[in-house]
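# A closer look at the structure
Here are the chains, one letter per residue:
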Amino acid sequence: MSVRPSDFPPPWSPSDAVAQPTDPVDERIEVGFLIVGAGPAGLAAAIRLGQLMEEDPATAGRLGEVPVAVLEKGKAPGSHLLSGAVVNPRGLQRLFKGRKRIDELPFYGPVHAESVLFLTKSRAVRIPTPPTMANHRNFVASLSQLGRFLAEEAEGLGVTILPETSAERLLVDGGRVVGVRTGDRGRGRSGEELSNFEPGSDIAARVTILAEGTQGHLTGAAFEQFGLRGENPQVWALAVKEVWKVAKPLDRVVHTMGWPLRAGRKFREFGGSFIYPMGDDMVTIGMVVGLDYRDAELSVHDLLQELKTHPRVRRILEGGERVQWGAKTIPEGGFVALPKRFHAPGLLLCGDGVGLVNVPALKGIHYAIESGRLAAEAAWRTLERGTSAREALATYDAALRDSFVWRDLREVRNMRQAFGRGFYLGGALAGAMTATKGRFPPGDTRTERDADQSLIRTDRAESYPAADGQLVFDKLSSVFASGNRTRDDQPNHIRIQTKVPRELAEMWSRMCPAQVYEVGESDGDGTVQLKLAPSNCVQCGAITAKGGRLTPPEGGSGPEYTLT
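Below you will find a few notes about this structure.

Calculation rules
Residues numbered from 1 in each chain as written. Predicted model: local features only at pLDDT ≥ 70, side-chain atom pairs only at ≥ 80, totals over all residues. Heavy atoms only, no water. Core = buried A, V, L, I, M, F, W, Y, C linked by side-chain atoms within 4.5 Å. Buried < 20%, exposed > 50% of the residue type's maximum accessible area, 1.4 Å probe, protein only. Helix = DSSP H or I, 4+ residues; strand = E, 2+ residues; numbered from the N terminus. Contact = heavy atoms within 4.5 Å. Pairing = 2+ DSSP bridges. Axes fitted to C-alpha atoms, helices over the stretch in contact; angles between N-to-C directions. Phe/Tyr/Trp six-rings, centres within 6.5 Å; stacked < 30°, edge-to-face > 60°. Lys NZ or Arg CZ within 6 Å of the ring centre and 35° of its normal.

### Remarks on the nonpolar core
Among the nonpolar cores identified, the biggest contains 87 residues, and Phe33, Leu92, Leu170, Ile209, Leu348, Trp380 and Tyr396 are the most heavily contacted of them. The dominant element in this core, judged by the number of residues it contributes, is helix H8 (residues 365-381), at 10 residues. When residues no more than four places from it in sequence are discounted, the contact partners of Leu170 are Ala17, Val18, Ala19, Val177, Gly179, Val180, Leu210, Leu218, Ala222 and Phe226. If you look at the next biggest cluster of nonpolar residues, it comprises 62 residues, including Leu303, Ala327, Leu504 and Ala545.

Structure, rendered in C-alpha cells:
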C-alpha cells in the first residue's frame, strides 16, 4: 500500500491562526501601517512608505506616533534571510530611483561570466546557457546582508522595526483585518510561564501588509479566511547552501544540473546547484531540489555534501573553509499557483509568501521588492480624501498585474510542471516554452501538491559520503554553522502526527536538513513513533510542504544568518 504525506495531516487548522482582538482597546499597540516580515518585500514596502512620509509630512502626521512598524521574528533583520543570490537590480533601482546608485548597494559585484554544467559522477560538460538563466547585468549578493542594509534605510526614514517578534495570529474583526497578535515569550516546554514570561500583544493598524516570505504562517491563514487561494496548489523546493572562505577566487557564476540527481520520471527529482563568487575570498554553494520528489531516502543536505566531492566542484573549494550553512524553501508554483487576489479588507500580501518567483530564471528578489513597493503605494492611497479603503487596496492587484512581475511569470508559467515528466522530456518542453515565450503549450498546466506524491524507497542513502569535517559535514554541525542558539526548553512549534508509517517517518527524517526528526520505536502495526528536536529547527519550511506544519516559534529563535 502506497503512503502519501497528505494522508497524515497535521493537528493544525488555518483557523488556529485567525482571531479577534483580545486586549482592551486602551492596551492595544496602535500603529499606522503594519508590515509582517523584514525580508526584501517587507522592507521595500517600509522604505517606500518612508519615502512617501518624507514627501507628504502633513498626511504622514495622521498616522500617529508609530506611522510604520515592521515585525521580524528573527534575532535581527537578515537573521532568517537566505538566497543564492544573483540579484536583478531592477526592483532596487525602481525603489531607490534618484536616491541610490548601484555602487552604493551591498553587492559583491556584477556577474562577469557564467557557466552551466551538466554533471555526471566524474565529468562536467559545459552546455549553452538557457536564455532564462542569463545573468548579464545582474549582481552577486548576500540576501542577509541586503536585508540589514534595507532595514537601516527604512529606519532612517522613520520606520520602527521590532525584531524578535513573531506574528502568531491575524486579527480579524467584522470581516476586516485590523492587525496581528504577537507571540508570547518565556514559556517552558509544556507551555508554562517561566520567570521571564512576556505575553504577546495585539497590534492594531490601518492596513496590514504580509511579507512573511516562503511558507508564511499568516499568509496561508489569510488565503483560507478570505478565499484567496488560486486554482492550483503551491509547490516548493528546498535549498541547502554553504558559504566558504576559499584559497583562490572564482571568476564566474556556475550552475549545474544532472548528477547527483536522478533523471528518471519515477523519482521526480528536479533541481540543480549554484556556485557564486562572493568577492575574491568567498564562494556560496547550494543545492536546490523540488519537494515533489518521491524517494524517502532523498536528503538535500546530503546531496549537497555529495556534490562537493565532484572533481570540478572540489577544485573550487580546495584549501578552503566552510564559514556558514543554511536552508530555506522556495515557492515554485509560479504564475499558475498565484492567489486569486492579493488583497482583502485591511490586508495586502506580497513577495515569496504569494509565490512571486521565476523558477527557470532562478529569480525572485526583484519581484519581492517590486511587489512591496506597489503594496506600500496602495496602502498610502487609503489616506487619500474621498477614496474608500477597499478601492485603494484593490489598486495593488491592478498595479501588480500591470507590472513586469506579471509579464515575466506568465511567460514561464508551465515550465516547472514540465519536469514532473522527467529531466529529459521536461528539458525539451522547457526549451519549446522558452522559444515561444510561454505560448506553447496553450493554457495552464496544473500543479500537484508536494504532499500528494506517493513515497518509494531506494538505497539512495548508501551513496551519501561520510562526514569528514573538512569537505563533507553532518547535519548537527551544520545547524551550529547556521548560528542557531534556540533554547532547548521552548514549546514545540512544529505540528505533525507522531505515529506514522515507517517510510513517512524516514522521509521526514531524511528531508529535514537540521535533524529535527528521528525515527523512534516501532508500534508493531507498521507504524513508528516520531521523535522531535524542535530547537534544532532553522525554520526552512520543508515540513509544511511535505505533510506537517511549521508555526512561529518564540521570537528571536532559529538561525542567525549573516552571509547567506
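### Let's talk about the pairing of strand E21 (residues 321-331)
With 8 of 11 residues buried, E21 is to be regarded as a mostly interior element. Note: strand E17 (residues 236-245) against E21, 10 bridges, orientation antiparallel. Its bridge partner lying in E21, Lys245 is registered against Glu321.

### Considerations on unusual backbone geometry
Leave glycine aside and you will find that most residues have negative phi; peptide bonds, for their part, are mostly trans. Geometrically, the link from Gly84 to Ala85 is a cis peptide bond, its omega value of -5° lying close to zero. When you line up the elements, Ala85 lands in the loop between strand E4 (68-71) and strand E5 (86-87). Here the residue pair Trp259 and Pro260 is connected by a cis peptide bond, since its omega of 10° sits within 30 degrees of zero. Within the secondary structure, Pro260 sits in the loop between strand E18 (253-258) and strand E19 (271-278). The residue Arg137 is not glycine, and still its phi comes out positive at about 75°. Inspection of the secondary structure assignment puts Arg137 in the loop between strand E8 (124-127) and strand E9 (139-141). Positive phi values are uncommon outside glycine, yet Glu164 reaches one of about 55°.

### Brief notes about the sheet that holds strand E22 (residues 343-344)
Here 6 strands make up an open sheet; going across it, the order is E10-E4-E3-E16-E23-E22 and the pairing mixed. Edge positions in the sheet fall to strand E10 (160-162) and E22, since each of these pairs with one other strand and no more. Sheet analysis places strand E3 (residues 33-36) next to strand E16 (residues 207-210), joined by 4 bridges and oriented parallel. What sits directly across from Leu34, in E16, is Thr208. In the packing of helix H1 (residues 40-55) onto the sheet, contacts are made with E3, E4, E10 and E16, and the angle to E3 comes to roughly 160°. Contacts between helix H5 (residues 217-225) and the sheet are confined to E16 and strand E23 (347-349), with E23 contributing the most and set at about 115° to the helix.

### Some points on helix H6 (residues 300-307)
Extensive coverage of H6 is indicated by the burial of 8 of its 8 residues. Every buried residue of H6 is listed here: Val300, His301, Asp302, Leu303, Leu304, Gln305, Glu306 and Leu307.

### Thoughts on the packing of aromatic side chains
By the definition in use, this model includes 8 aromatic pairs. Ring centres of Phe96 and Phe149 lie 6.3 Å apart, and the angle between their planes is 70°; this geometry places the pair in the edge-to-face category. Taken together, the positions of Phe96 in the loop between helix H3 (90-95) and strand E6 (107-110) and Phe149 in helix H4 (residues 143-156) put the pair 53 residues apart, joining distant regions of the chain. Here Phe96 falls in the buried class, since its relative accessible area comes to 3%. Connected via pairs of aromatic rings, a cluster forms that spans Phe335, Phe342, Tyr396 and Trp406. Cation over ring: Arg262 sits above Phe267, and NZ or CZ is 4.0 Å from the ring centre.

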